[in-house]
Amino acid sequence: MAILGMAKSFAGRVRYRWGGTSPRTGFDCSGMTQYVYARQGIRLPRTAAAQRAATRRISRGAARPGDLIFFHRGRSTYHVGIYAGGSMMVDAGNPRRGIRHQRIWSSNVSFGTKR
């Protein structure tokens, strides 16, 4: 649960920044997931698509809080967040919203684990 707890601690406090990789300057989606996982000793590549390729695919039913949730447009992975259980996630969506703990807003998702 340390992964999810850390991600949730950024919600409402850390701004979105395209290419951002730290809580001080802000995060983009994959920068946040990479940072949170690194603090738990788990290495992830930098982009959402590369993170998906580096994880083991799991079903939604097998996903646990702290696993990764990937968003797809066709065959392309364009967004990643941290699964919070049920229909919730933590992600860095865009400059207006910053880091948020929110509902999963798409059905075009897959789940992956690195644990």
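Residues numbered from 1 in each chain as written. Predicted model: local features only at pLDDT ≥ 70, side-chain atom pairs only at ≥ 80, totals over all residues. Heavy atoms only, no water.

A. Summary view of the environment of Ser 87. Mapped onto the secondary structure, Ser 87 falls in the loop between strand S5 (76-85) and strand S6 (88-92). A residue is classified by how much of its surface remains accessible, and Ser 87, at 25% relative accessible area, is partly exposed. When the C-alpha positions of Ser 87 and Gln 40 are compared, they lie 24 Å apart, and in sequence the two are 47 residues distant. Once you skip the residues sitting within four places of it in the chain, Ser 87 turns out to touch Arg 60, Gln 102, Arg 103 and Ile 104. A distance of 3.0 Å separates a polar atom in the side chain of Ser 87 from a polar atom in the side chain of Arg 103. (Helix = DSSP H or I, 4+ residues; strand = E, 2+ residues; numbered from the N terminus. Buried < 20%, exposed > 50% of the residue type's maximum accessible area, 1.4 Å probe, protein only. Contact = heavy atoms within 4.5 Å. Polar contact = N/O pair within 3.5 Å; in protein donor to acceptor, adjacent residues only side chain to side chain.)

B. Inspection of the sheet that holds S5 at higher detail. With antiparallel pairing, the six strands of this open sheet are ordered in space as S3-S8-S4-S5-S6-S7. Every other strand in the sheet has two partners, leaving strand S3 (56-58) and strand S7 (99-103) as the edge strands with one partner each. Adjacent strand axes in the sheet meet at a mean angle of 40 degrees when their direction is disregarded. The pairing of strand S4 (residues 68-73) with strand S8 (residues 109-113) spans four bridges and is antiparallel. If you follow Ile 69 over to S8, its bridge partner there is Phe 111. This element, helix H1 (residues 2-10), spans S5, S6 and S7 of the sheet and lies at about 105 degrees to S5. Across the sheet, helix H2 (residues 29-38) lies against S4, S5, S6 and S7, angled at about 45 degrees from S5, the strand it touches most. (Pairing = 2+ DSSP bridges. Axes fitted to C-alpha atoms, helices over the stretch in contact; angles between N-to-C directions.)

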